[in-house]
Amino acid sequence: PGKQVGMAQDCYPDRLAGTIPNLYYYAANNPSEATIAKRRSYAATISYLTPPAENAGLYKGLKEVQELVSSYQGLRENEGRGPSIVNSIVAASFTCNLDTDMAEFIKTDEKLHEALGMKNPFLADETASFDAKDVSLDARDQIVGLVYRKLMEIESRLLPMGLHTVGVPPTADEAVATLVSIAEIDRPEDDVIGLPRILANSMNRDLEEVYKNANNGVLEDVEFLQKITLATRAAVKALVDESTGADGRVMEVIPMAKIMANALGAKPQYRVSLSKSGFSKGSTDPALTPLFEYLEFCLKQVVADNELGALAEALNGKYIEPGPGGDPIRNPAVLPTGKNMHALDPQSIPTSAAVDCAKRVVDKLLARLEKDTGSMPESVAFTLWGTDNIKTYGESLAQVLELVGVRPLPDALGRVNKLQLIPLEELGRPRVDVVVTCSGVFRDLFVNQMNLLDRAIKLAAEADEPLDQNFVRKHALQQAEEMGCTVRDAATRVFSNAAGSYSANVGLAIENGGWESENQLQDQFIQRKGFAFNSDKPGVIDQQTELFKAALSTVDVTFQNLDSSEISISDVSHYYDSDPTKVVQGLRKDGRSPAAMMADTTTANAQVRTLSETVRLDARTKLLNPKFYEGMLNSGYEGAREITKRLRNTMGWSATSGAVDNFVYEDANDTFIKDPEMQRRLLDTNPNAFRDMVTTFLEANGRGYWDTDPENIDRLQELYQEIEDKIEGVAS
């Protein structure tokens with residue numbers, strides 16, 4: 001027990017498995033845990049696809065808001081109808097619970113707030129006195145632009161549709177959603193420009209400027225970005241349709257037909273589609289050729305299923321072809337599935353591309369915090385994951401270094417083992433202190449990178465610089481004095497579990513319901529994650545609880561990354577298990593809750609949102625979305641369990657951060673409990689999962705996370721007894 005690599009004959013895995021072959025199906029997007037399976041049990045892994053994905057779409061009241069936005073676009077300059085439609089959009093936003101997102105943006109945008117007469121129409125106590133006819137056309141446009149942008153953000157988000165069946169390749173429609181995401185990303189290493197950039201360039205627009213304006217609610221650019229999105233989907237669908245059979249499946253990609261068409265002078269269908277979408281100049285861009293050749297290759301990989309074939313080969317004692325694991329959208333080399341997965345050279349990260357991406361995200365994080373709070377944070381608490389850093393080649397690792405103001409330097413072989421302190425003049429801002437908690441898998445796979453981080457932070461702490469420009473040194477000096485240790489020891493900022501231990505077990509406690517109070521969860525987090533890594537003592541990770549608490553007590557911001565669309569913050573318990581938001585609040589001398597932020601790099605338009613925004617977005621696109629829960633219910637027993645799991649994980653965020661709005665529980669109750677037909681389906685499909693769902697609702701109310709009518713609680717209590725009777729065979 002506790003040994004991660006180099007098993008001996010007395011180790012448990014060797015005693016249990018002996019010489020029996022270990023064939024292990026593993027999701028293609030989880031190479032880090034697959035690596036642990038190889039190290040500890042000699043697994044020959046066989047990768048399989050993640051569930052098919054589709055755009056989340058809009059539903060119920062969100063569709064009605066979209067219709068109002070469409071009406072406004074045609075009547076915006078009509079002084080009689082335009083303001084009236086804006087008032088209707090504001091009112092409908094309250095009905096759909098979009099008001100909080102809008103209100104938070106307006107509150108921090110001084111220019112817009114002033115244009116609205118210092119009123120915030122999305123605040124309940126101010127909306128009654130707001131009338132859109134009293135503000136300018138530009139202000140009305142920005143209100144509508146903000147709502148429209150939020151709708152498009154929800155609509156375009158990818159979500160898993162049910163569960164993947166081993167050996168069944170995706171349908172044409174399912175392949176389109178994946179290929180659209182692949183098409184949106186610039187890949188300079190393959191000389192491929194993403195389609196959104198090609199289309200923006202064709203209209204003499206800078207794509208980054210379009211993204212920035214759209215994020216700020218500039219209606220013209222929100223519309224332009226949506227035009228690009230729809231054109232991208234249509235062009236990719238045209239490509240896929242050429243190889244789609246009568247059964248709706250892509251059985252084989254047929255380049256010969258295209259060669260014949262080109263010989264006859266016919267335009268490829270994707271170019272025709274782009275021209276029809278209003279990008280006639282873009283449809284002739286030579287950069288489209290390498291992009292769509294790349295997409296055609298990716299399409300071949302998506303449908304070249306070998307999941308059952310690899311199992312048959314393995315059972316016959318034959319060779320399974322190796323291949324990388326990771327995100328198929330970021331790295332299509334993960335496809336086709338049915339490979340014996342491997343990760344990457346841990347010494348090769350962060351790559352130069354990851355460093356560039358990290359700088360953009362850090363700049364957005366600091367800009368958002370300065371806008372929201374009016375100041376620069378002094379300390380940020382980070383969580384580092386093994387799988388995420390494999391998928392992104394070390395982006396979050398590079399974000400930590402960027403905040404501290406240290407540049408990683410690769411050697412001639414590409415191994416990153418040297419560091420350079422970026423001069424303050426070049427950095428252009430103070431060095432931000434960090435507290436890094438590494439997952440157990442990150443600790444196992446990336447011990448060299450933990451060494452790199454520790455050295456980088458201590459390099460900053462020992463730099464002779466003004467304290468108002470170096471918060472790492474400022475805090476290290478304070479803590480050295482308080483704890484009676486050297487500055488170098490006080491600058492320890494890289495923590496994880498003890499060897500052989502994984503997670504804070506906060507998720508396990510919440511899943512089992514066996515916790516007394518939030519204080520218990522917070523103590524558990526500190527005790528299990530408070531093992532310090534020290535580059536001055538190689539191979540030693542020892543418990544430093546007081547040092548961990550001292551470092552966390554100065555934190556202003558907690559921060560995590562979302563890097564791929566197939567796993568989000570309600571899909572697994574890991575994210576909230578490692579969230580220290582309420583831990584930090586309890587340790588800070590002023591008792592103030594830190595800002596909780598999430599970076600979302602799942603699309604080309606990377607976003608930094610508050611944790612509350614991210615929870616709302618995730619709930620709208622998954623838990624509350626008919627497309628999601630109907631897809632899961634169509635998968636039967638396990639699908640019903642997946643729905644319940646999302647609700648339980650949502651409550652986990654209430655426990656660790658308090659970032660869940662009341663409407664999430666209320667709308668979930670309306671969807672799954674108030675509807676008698678939905679009750680029956682869940683009860684018939686998986687009564688145990690349905691019982692867990694009812695228990696979660698009751699627990700959320702009992703712990704103060706959900707405020708609701710007594711009638712809802714009475715209904716849940718009665719329903720719980722009915723489900724118990726059915727499970728026990730008392731009722732049919």
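Preceding this section is the structure that the text describes.
Residues numbered from 1 in each chain as written. Predicted model: local features only at pLDDT ≥ 70, side-chain atom pairs only at ≥ 80, totals over all residues. Heavy atoms only, no water.

Asks: Even after reading the chapter, I still don't get the overall build of the protein, so can you show me in this structure?
Replies: Counting its regular elements, the protein contains 36 helices and 16 strands. Principal-axis analysis of the C-alpha atoms places the extent of the protein at approximately 70 × 70 × 70 Å. Residues classed as buried in the protein amount to 54% of the 732 residues present. For the protein, restricting intrachain contacts to residue pairs at least 6 apart in sequence, the fraction spanning at least 24 positions comes to 72%. Summed over its atoms, the accessible surface of the protein is roughly 30000 Å², and 51% of this surface lies on carbon and sulfur atoms. One finds the centroid of the 76 positive side-chain charges in the protein at a distance of 3 Å from the centroid of its 107 negative side-chain charges. (Helix = DSSP H or I, 4+ residues; strand = E, 2+ residues; numbered from the N terminus. Buried < 20%, exposed > 50% of the residue type's maximum accessible area, 1.4 Å probe, protein only. Contact = heavy atoms within 4.5 Å. Areas by Shrake-Rupley, 256 points an atom, 1.4 Å probe, with all protein chains shown as cover. Lys, Arg positive; Asp, Glu negative; His and termini not counted. Charge placed at Lys NZ, Arg CZ, Asp CG, Glu CD.)

Asks: Looking at this structure, I do not really get the environment of Leu23. What am I missing?
Replies: Turning to its location among the elements, Leu23 is positioned in strand S1 (residues 23-27). Residue Leu23 is classed as partly exposed on the basis of its relative accessible area, which comes to 32%. With 21 residues separating them along the chain, Leu23 and Ala44 place their C-alpha atoms 5.1 Å apart.

Asks: How should I be thinking about a negative patch on the surface in this particular structure?
Replies: Side chains of Asp707, Asp709, Glu711, Asp714, Glu718 and Glu722 sit close together on the surface and give a patch of like negative charge. You can call Glu711 exposed: its relative accessible area is 52%. (Patch = residues over 30% accessible without salt bridge, like charges linked within 9 Å, V, L, I, M, F, W, Y side chains within 5 Å. Salt bridge = Lys/Arg side-chain N within 4 Å of Asp/Glu carboxyl O.)

Asks: Just checking my understanding: could you explain the side chain of Ser654 for this structure?
Replies: One can find Ser654 in helix H32 (residues 637-656). Setting aside its immediate chain neighbours within four residues, Ser654 contacts Glu518, Lys582, Val660, Tyr665 and Tyr705.

Asks: Just checking my understanding: could you explain empty space enclosed by the protein for this structure?
Replies: Empty space among the atoms can be located by rolling a probe the size of a water molecule over them. Inspection of every chain in the model, using the stated rule, returns six cavities of 30 Å³ or more. Counting residues per element, the ones that place at least two in the lining of the largest cavity are helix H8 (137-156), helix H9 (172-183), helix H12 (219-241) and strand S16 (607-610). Ranked by the residues each element gives to the lining of the largest cavity, the list is headed by H12, at five residues. Considered class by class, the residues forming the lining of the largest cavity number 13 nonpolar, 12 polar and eight charged. In this structure, the second largest cavity occupies an estimated 80 Å³ of space. For the second largest cavity, the full set of lining residues is Val506, Glu518, Leu521, Gln522, Phe525, Tyr576, Asp577, Asp579, Lys582, Val583, Ala655 and Thr656. Looking at the lining of the second largest cavity, the elements with two or more residues in it are helix H26 (518-529), helix H28 (574-577), helix H29 (581-587) and H32. For the lining of the second largest cavity, the element with the most residues is H26, which contributes four residues. (1 Å grid on protein atoms, 1.4 Å probe; cavity = no way out; pocket = protein on both sides within 12 Å on 5 of 7 lines; lining within 4 Å. Points joined across faces, edges and corners; volume = space filled by probe spheres on them. Nonpolar A, V, L, I, M, F, W, Y, C, P; charged D, E, K, R; others polar.)

Asks: Got a minute to help me understand the state of the cysteines in this structure?
Replies: Working definition: the covalent bond between the sulfur atoms of two cysteines is a disulfide. Within the structure shown, the criterion is met by zero disulfides. Here Cys298 is not disulfide-linked; the sulfur of Cys357 is the nearest cysteine sulfur, at 18 Å. (Disulfide = S-S within 2.5 Å.)

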